[in-house]
Amino acid sequence: MAFLGKRILLGVTGGIAAYKAAEVARRLIGAGARVKVVMTRSAQEFVGPLTFAALTGEKVATAMFGPASEPLEHVALGQEVDAIVVAPATANFIGKVAGGIGDDLLTTIMLAATRPVLICPAMNAGMWANLVVQGNLARLKGRGLMVMEPAAGPLACGAVGLGRLPEPDLIVEAVAGLLSPQDLTGRQVLVTAGPTHEDFDPVRFLTNRSSGKQGYALARVAWRRGAGVTLVSGPTSLPAPYGVKYVAVRSARDMGVEVKARFPEVDVLLMAAAVSDYRPTQAEVRKIKRSQEEMAFHLTQNPDILKQVAGLKSGQIVVGFAAETHDLEAEARRKMREKHLDLIVANDVNRPDSGFQVDTNEVTLIPRIGAPVPLPLLSKEEVAAKILDQVVALLETRDGDHAKNT
Ligand code: CTP
């Protein structure tokens, strides 16, 4: 996560979801941030400041004036931190910020704030649908504040609808976006991840050990850095990343269809999926029954998605992955040539702490032009960030060449 050493101001306003802000504070701290909580008067009707003080280890700011307040806190707090998150944000708070009103500590901090802001609205579905509230949110977005959509589900008032505070993990993910460099803004990135399932019959399939973790990390980090991201994923047990367009597929052929349809519209393809090279020649409609002592199956080769999209290339940066047990660099270079890649990420899957299923990876980035970059053992998010650094450089070179030729 992008939080180590970061200082975050968590504003809590007076809605029933205020109790969930305690979990948001905990997750932010868990990810390495230091959190300073500012509560409105009505928030304190729902949760006590002591809860947040105990969780964050810092005094909670609750008022502009009075013995507990610090001089000029209302100016300093919103300027010293790395990011501001308001969760939950009530319709009343949103209205005040939209209208430039500063009648308590938190709204005054918002007036003076110079740091990136995330607003997480939570309210009754009727309030959320109110045109005035929507107009106010549009004004906040227009001023560059990030606004999260509330989640749908049962609300405290008994109704079911839009208005729930998003899950703490999603809020933390959105904050990670606020804290990341925005060097992929305006770029469209297509990521594939996970294994494919190639059916023998309705209950059995051929697959591999890919968990999808590296591809999902790429999708998350690309979104945080400002890209529009589509993730085409084979079956995994991972949650769909926040902010990303998610397309679920099963087989290599399904994945091929989705990738080829989207490829012409994107700037970058990151082909992290472990696509099954073969599928059963015949997928039985009925469950195969146990009868003979031995069985043999015929397999048919699946289309190579990367080779197919190579023919559709019009300036896209294409990154492939090579998981190898032997001759790592030679095999990776062969695949780069055959599949017309700009960059290949090579990893040795013999190591227990690298490759399939684990949270870490040790890879070498091999560009088509230039020297290989061996990386140490890193988390899959760190590996994703290094891959995207190279992609950003390749995009800049491409745009520079394009500008020279026009
Ligand atoms: N790939 C693909 N379509 C396939 C198989 C693989 O697009 N049918 C992509 C993978 O997503 C990866 C790259 O090609 O980015 C290399 O995949 P890998 O399985 O290592 O290579 P193969 O071409 O299958 O070669 P080999 O089986 O000889 O290792």
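Here the structure is shown first, and the text comes after it.
Because the structure is predicted, anything quoted here is derived from the model rather than measured.

Calculation rules
- Position numbers for residues start from 1 in each chain and track the written sequence from start to end.
- In keeping with the model being predicted, local features are shown solely for residues with a pLDDT of at least 70 and side-chain atom pairs are shown and tallied solely at 80 or more, while totals for entire chains, interfaces and linings include all residues.
- Side-chain numbers here rest on the full set of heavy atoms in the structure, without hydrogens or water.
- Grid points spaced at 1 Å over the protein atoms alone were grouped into cavities, where a 1.4 Å probe fits but cannot get out, and pockets, open sets with protein on both sides within 12 Å along at least five of seven lines, with lining residues defined by an atom within 4 Å of a point.
- Grid points are joined across faces, edges and corners, and a volume is the space filled by probe spheres set on the points.
- Every helix listed is a DSSP run of H or I at least four residues long, and every strand listed is a run of E at least two residues long, numbered separately from the N terminus.
- Charged means Asp, Glu, Lys or Arg here, nonpolar means Ala, Val, Leu, Ile, Met, Phe, Trp, Tyr, Cys or Pro, and polar covers whatever is left, Gly included.
- Here's how the labels work: a residue is buried when its accessible area is under 20% of the maximum for its type, exposed when over 50%, partly exposed in between, all with a 1.4 Å probe on protein chains only.
- For this analysis, a salt bridge means a side-chain nitrogen from Lys or Arg found within 4 Å of a carboxyl oxygen belonging to Asp or Glu.
- The pairing criterion for strands is at least two bridges between them, as found by DSSP.
- Orient the strands so they point away from the viewer, and a crossover whose first-strand-to-second-strand path over the helix runs clockwise is right-handed.
- Any two residues whose heavy atoms approach within 4.5 Å at even a single point are treated as in contact.
- Note on geometry: axes are lines fitted to C-alpha atoms, helical ones only across the stretch in contact, with angles between N-to-C directions running from 0 to 180 degrees.
- A pair of Phe, Tyr and Trp rings is counted when the ring centres sit within 6.5 Å of each other, with Trp represented by its six-membered ring. The angle between the planes then sorts it: under 30 degrees is stacked, over 60 is edge-to-face, the rest tilted.
- Throughout this description, the term charge over a ring refers to an Arg CZ or Lys NZ atom that lies within 6 Å of the ring centre and within 35 degrees of the ring normal.
- To be near a molecule or strand, a residue needs just one of its heavy atoms within 4 Å of it.
- Polar contacts, as used here, are pairs of N or O atoms within 3.5 Å; protein pairs need one atom able to donate a hydrogen and one able to accept it. Residues neighboring in sequence count only if both atoms are side-chain atoms.
- Per-residue and other accessible areas follow the Shrake-Rupley method at a 1.4 Å probe size, with only the shown protein chains counted as cover for residues.

Draft legend 1. Up close: the layout of surface pockets. When its volume is computed, the largest pocket comes out at roughly 990 Å³. In terms of lining, the largest pocket is formed by 43 residues, of which the most central are Ala-273, Ala-274, Val-275, Phe-321 and Ala-323. Going through the elements one at a time, α10 (213-224), α12 (305-310), β16 (317-324), α13 (328-338), β17 (343-348) and α14 (380-405) are the ones with two or more residues in the lining of the largest pocket. The biggest single contributor to the lining of the largest pocket is β16, with 4 residues. Partitioning the lining of the largest pocket into residue classes produces 19 nonpolar, 15 polar and 9 charged.

Draft legend 2. The arrangement of unusual backbone geometry in detail. Between Ala-87 and the following residue, Pro-88, the backbone shows a cis peptide bond with an omega angle of -5 degrees. Of note, Asp-327 is a non-glycine position whose phi angle comes to about 45 degrees, a positive value. For Asp-327, the position within the fold is in the loop between β16 and α13. Residue Asp-327 is classed as exposed on the basis of its relative accessible area, which comes to 56%. In this model, His-340 sits at a positive phi of 55 degrees, which is unusual for a non-glycine residue. When you line up the elements, His-340 lands in the loop between α13 and β17.

Draft legend 3. Molecular detail of the pattern of salt bridges. A full pass over the atoms with the stated rule returns 25 salt bridges. Of the charged contacts in the structure, one is a salt bridge between Arg-398 and Asp-267, with a shortest N-O distance of 3.5 Å. Note that Arg-398 is positioned in helix α14 and Asp-267 in the loop between α11 (252-262) and β13 (268-271), a separation of 131 residues in sequence. The buried category is assigned to Asp-267, whose relative accessible area is 15%. The partner of Asp-401 in a salt bridge is Lys-404, with the nearest N and O atoms 3.9 Å apart. Remark: Lys-404 and Asp-401 occur in helix α14; sequence separation between them is 3 residues, near one turn of the helix. Judged by its relative accessible area of 38%, Asp-401 falls in the partly exposed class. Linked through salt bridges whose partners overlap, the residues forming this network are Glu-23, Arg-26, Arg-27 and Asp-169.

Draft legend 4. Structural context of the pairing of strand β1 (residues 7-12). Of all 6 residues that make up β1, 6 are buried, and the element is covered over most of its length. Of the two faces of β1, both are covered, the one formed by Arg-7, Leu-9 and Gly-11 as well as the one formed by Ile-8, Leu-10 and Val-12. Where β1 and strand β2 (residues 34-39) come together, 6 bridges link them in parallel fashion. Directly across from Ile-8, in β2, lies its bridge partner Val-35. Taking the sense of rotation as the criterion, the β-α-β connection linking β1, helix α1 (residues 20-30) and β2 turns out right-handed. With 4 bridges joining them, β1 and strand β3 (residues 83-89) adopt parallel strand pairing. What sits directly across from Leu-9, in β3, is Ile-84.

Draft legend 5. Region of the structure containing the sheet that holds β3. An order of β2-β1-β3-β4-β5 is seen for the 5 strands of this open sheet, with the pairing classed as parallel. A strand with exactly one partner marks an edge of an open sheet, and here the two such strands are β2 and β5 (146-147). Against the sheet, helix α5 (residues 91-99) engages β3 and β4 (117-121), with an angle of about 135 degrees to β3.

Draft legend 6. Representation of the packing of aromatic side chains in the model. Tallied over the entire structure, the rule returns 3 aromatic pairs. Seen in terms of ring centroids, Tyr-216 and Tyr-246 are 6.3 Å apart; in terms of plane orientation they differ by 65 degrees. Their pairing is edge-to-face. Of this pair, Tyr-216 sits in helix α10 while Tyr-246 is found in strand β12 (residues 245-248), placing the two residues 30 residues apart along the sequence. Among the residues examined, Tyr-216 registers a relative accessible area of 1% and is labelled buried. Between Trp-223 and Tyr-242, the aromatic rings sit 5.2 Å apart at their centres with planes inclined by 85 degrees, giving edge-to-face as the arrangement. Taken as a pair, Trp-223 in helix α10 and Tyr-242 in the loop between β11 (228-233) and β12 lie far apart in primary sequence, 19 residues in all. For the cation-ring pair, Arg-250 lies above Phe-205, with the distance from its terminal atom to the ring centre recorded as 5.6 Å.

Draft legend 7. Seen up close, the site of the ligand. The local shell around the ligand holds 13 residues, among which Met-271, Ala-273, Asp-277, Lys-335 and Lys-339 are the closest. Contact distances for the ligand include 2.7 Å between an oxygen atom and a side-chain N or O atom of Lys-335. Between Lys-339 and the ligand, the recorded distance is 2.7 Å, taken from a side-chain N or O atom to an oxygen atom. Out of a free accessible area of 580 Å², the ligand has 79% covered by protein chains. Elements that contribute at least two residues to the shell around the ligand include exactly α12, β16 and α13. Looking at the shell around the ligand residue by residue, the classes come out as 7 nonpolar, 1 polar and 5 charged.

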